[in-house]
Each structure stands twice: as C-alpha cells, then as structure tokens.
Amino acid sequence: MEVYAWGANSHGQLGLGFESELCMTPQRVTNCSFAAPQVRFIRGGGGHVLILDINGRVHACGWNNRGQLGLDSTEECHSEFKMIPTEYFGEVPVETISCGWDISGAITLTKRLYVWGSNAFQQLGICQRGFNAVRRPMPVKLPREEPAQRISFGLRHCAVLTQDNKIYVFGRLRIMDPPPIELDITATCLHRCNTMKIQAHNPNELRIVSISSGQNHMLLKCVDLSESGGGSTKRILTLGDNKFGQSNAFQFDDDVRQLAVGWTHNAAVLKNDEILVWGRNCYGQLGIGSFSEQQAIPTPLRLKLPEDQSTARIHMGAEHGLLRSTGGQVYTWGWNEHGNCGNNSTDNLFFVLFLQMHPDAFRTATSQTVRRWSWILLCHYRTCKLILYIR
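Residues numbered from 1 in each chain as written. Predicted model: local features only at pLDDT ≥ 70, side-chain atom pairs only at ≥ 80, totals over all residues. Heavy atoms only, no water.

Helix and strand content of the protein: 1 helix and 28 strands. Against the globule reference of 21 Å for 391 residues, the protein gives a C-alpha radius of gyration of 20 Å, in line with a compact fold. For the protein, the C-alpha atoms occupy an extent of roughly 55 × 45 × 40 Å along the three principal directions. The buried share of the protein, reckoned over its 391 residues, is 58%. Nonlocal contacts in the protein, meaning residues at least 24 apart in sequence, comprise 52% of its contacts between residues at least 6 apart. About 15900 Å² of surface is accessible on the protein, with carbon and sulfur atoms providing 44% of the total. (Helix = DSSP H or I, 4+ residues; strand = E, 2+ residues; numbered from the N terminus. Rg over C-alpha atoms; globule rule 2.2 N^0.38 Å. Buried < 20%, exposed > 50% of the residue type's maximum accessible area, 1.4 Å probe, protein only. Contact = heavy atoms within 4.5 Å. Areas by Shrake-Rupley, 256 points an atom, 1.4 Å probe, with all protein chains shown as cover.)

Shown next, in the form of structure tokens:
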C-alpha cells in the first residue's frame, strides 16, 4: 500500500518534505510517522492534514500557525507527518478525527471530545480569554458529560453530535430565519462560551444520526421514526447560509447512504447508488458537465459515472470533488487552480474525470480489500488531496 498526494502544498500539507505552490500530479508520500497499511482515516483542513491509523494514533502535517497540528509546537509549518503524542489523549486510542480551516478535533474510544487550534471565534467551545489558540489536544466536557459521537467543522464553527442525538455548535454559524420546524434550537452557555443546542422537536419521530459542515452551513442526516417513515433515512435537514441553495432541504426517493459537503455545495449518495448534487457550480464543482452562469443549482441533479461503476465514497473540497468507485477507480472534478484535480493541469473541470494513479494501481487487489483501504481525502479549503491505494 502507498499514499499519494497532490494539489496545494504552500504549507507542506502534502507531507512530501517540502513546500511548493502546487503539485499537479499525484506524488508518493514516503517519509512519514505512519505505515501506509495502517491508515484508517485521512482528513484535511485549510492547510493541514490529519491521519488516523488503526491503532488509534493521530499523525499531522502542514500549516500550524494556530497550533492546528496538535504537536504543541510553535513552528509555522511541518512538511512531514509527525505523530501527536498519545499522552495528549490520556493514552486512550482515538476513534475519529476532523479538520476545519485552522482547527482540529478528535473523539476517543471512550467518547471523550478533544479540540485544538484556533479559538478566535470560540469555536473550541471555551472562553476566548487566555485561549486564543490551543497547540495541543484539549478535552472539552459537554453538558452532563454527554458522550460525543461525531464532530464536524466549518470555517468558524464546530458542531458535535452526541450519543443521544443532540448537537452542540460552538463558534459562528448563523441559522436561517425561520429555522426548520422539526428542530428545537436554544442558546446556552458552556465554559463561558456561547453555545447553540440543537435537537429534534419530537425525538420519537425524528433522530439526527450524522452531521456534515460546509463553510457556513450544515447538513443533518435523519432517521424518520414516524409511522409513515418506518425508520428510513430519506430525509435531510439543513442549517446556515443559503446564498447558493446549499441549505435547501429535501426528502429523497431512497435512503441516504452518505452526505458530502463542500464550501457551498453538497452531494448525497443514495442506497440505490444514485449521486445527487446541488449548490454552487461556478467552477464546475458539481461535476454535471457544465458551469452554471447563475452559479447556483438549488435542486439536486444527478452526477453521472460510467455505467459499469458505482460509488464507494465521495468527498467534497472547497470547490471541487473526488470520488472512489467500488472497483477502486478515482474520479475528480471542479476547481483546479492549484492542481487539485491531479490531472497535470490547472484548468477547471466541469465533468467527472478518471484519474489514473499508477499503471498498476488496484490491479492486484480484491474489491473487498480496496473498499476497506482506499480512503480518500479532500482538504476542504486549501485543495490538497491524499489517497491511499493498494499497488
């Protein structure tokens, strides 16, 4: 197995050992603190990258101006991956990780929440006084010490989903007026920090099971527990800015398998393998075969793949996208100014393009192994990408 990276590298976020304006084709990552076969998740932020391995250890590289690498370092950038000391997480393995613009977070196996990086907008969930930036993972207690389940970052906000299906939002996320009638939204205070609490108005009929944040909006995947819904996940709710239709909410014809959110655009992968996209499209970031003069696509359109391909995982960057098929093929599209599509060009792509990583890529791997290990990353803001594949 090998890890490849491409796109913007001005802060060394590709982990290649050097800083450069861009890398337009996939480059192999060699000197790093993790073993490629042990990579579990790869996540990216404004100019930094986190990797979680199967042993629950977190590795970081890239921009560190606000301490977002969690290395307790004052160096501006790290161009090679380094492991965050396990003692920072109380020697408890990490279960999941997330990145924002200049902030990072993790949830351990004991469901304890850790955050680090910028706190300029109180997005760490603590008072700004004395904590303008945090350079190592810091535990944050939720009300009544509720266990954390998922964490998602926007440009200036952090959203945490608890095990009992409540959401706590720190920082700045403006809710549309009026808010969705299905939700109860209340203002509260946590650690002297203004906090927004979101929960289903009727938890016997609706359950929030997943959250995904864009620049200034958020998508909620919900289970419909009503008699007519029968436990389906066809419905999504949205919060936040809707300038480009990115916060339009829908009930789809089939269950939602995955949601992916970019800065101002979204994608939903349905159980029947249909991919629906909506939101801003000025750079071709929806991959529908054209740019949009009006910039916005307010209702979902279908993203088409070759007939013999189905989606394993889709990711959205700031204004671009990347998809891995169940057969291990990689497709890219959208904003390409920094070579973020990996096709040796900086021209924007409005159509889905097959990206050949290596002549022998995936050739010797079974489809089951590819599904398990071909994790793909899109950095939401600074356009770098990493992909782990079996050679």
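Moving on, we get to the sheet that holds strand 26 (residues 349-355). Reading across from one edge, 23-24-25-26 is the order of the 4 strands in this open sheet, with antiparallel pairing throughout. The sheet terminates laterally at strand 23 (311-316) and strand 26, the two strands that pair on one side only. Taking each pair of neighbouring strands and ignoring which way they run, the sheet shows an average axis angle of 15°. (Pairing = 2+ DSSP bridges. Axes fitted to C-alpha atoms, helices over the stretch in contact; angles between N-to-C directions.)

What follows is about the sheet that holds strand 15 (residues 193-200). The strand order across the open sheet formed by 5 strands is 11-12-13-15-14, and the pairing between neighbours is antiparallel. Two strands lie at the open edges of the sheet, namely strand 11 (148-153) and strand 14 (183-190), each paired on one side alone. Shown here is a sheet whose adjacent strand axes are inclined to one another by a mean of 25°, direction ignored. Here strand 11 pairs with strand 12 (residues 157-162) via 5 bridges, running antiparallel. Across the sheet, the residue bridging to Phe153 is Cys158, located in strand 12.

This part covers the pattern of salt bridges. Under the criterion given, the structure shown has 8 salt bridges. One salt bridge connects Lys141 with Glu145, and the closest N-O pair in it is separated by 3.6 Å. Accessibility expressed as a relative area gives 58% for Glu145, which makes it exposed. (Salt bridge = Lys/Arg side-chain N within 4 Å of Asp/Glu carboxyl O.)

Counting buried residues along strand 12, 6 of its 6 residues qualify, which places the element largely inside the surrounding structure. Here strand 12 shows two buried faces, one formed by His157, Ala159 and Leu161 and the other by Cys158, Val160 and Thr162. Linkage of strand 11 to strand 12, two consecutive antiparallel strands, is achieved through a turn of 3 residues. Bridge count for strand 12 against strand 13 (residues 167-171) is 5 bridges, and the pairing is antiparallel. Counted as the bridge partner of Ala159 is Val169 from strand 13.

By themselves these figures say nothing about function.
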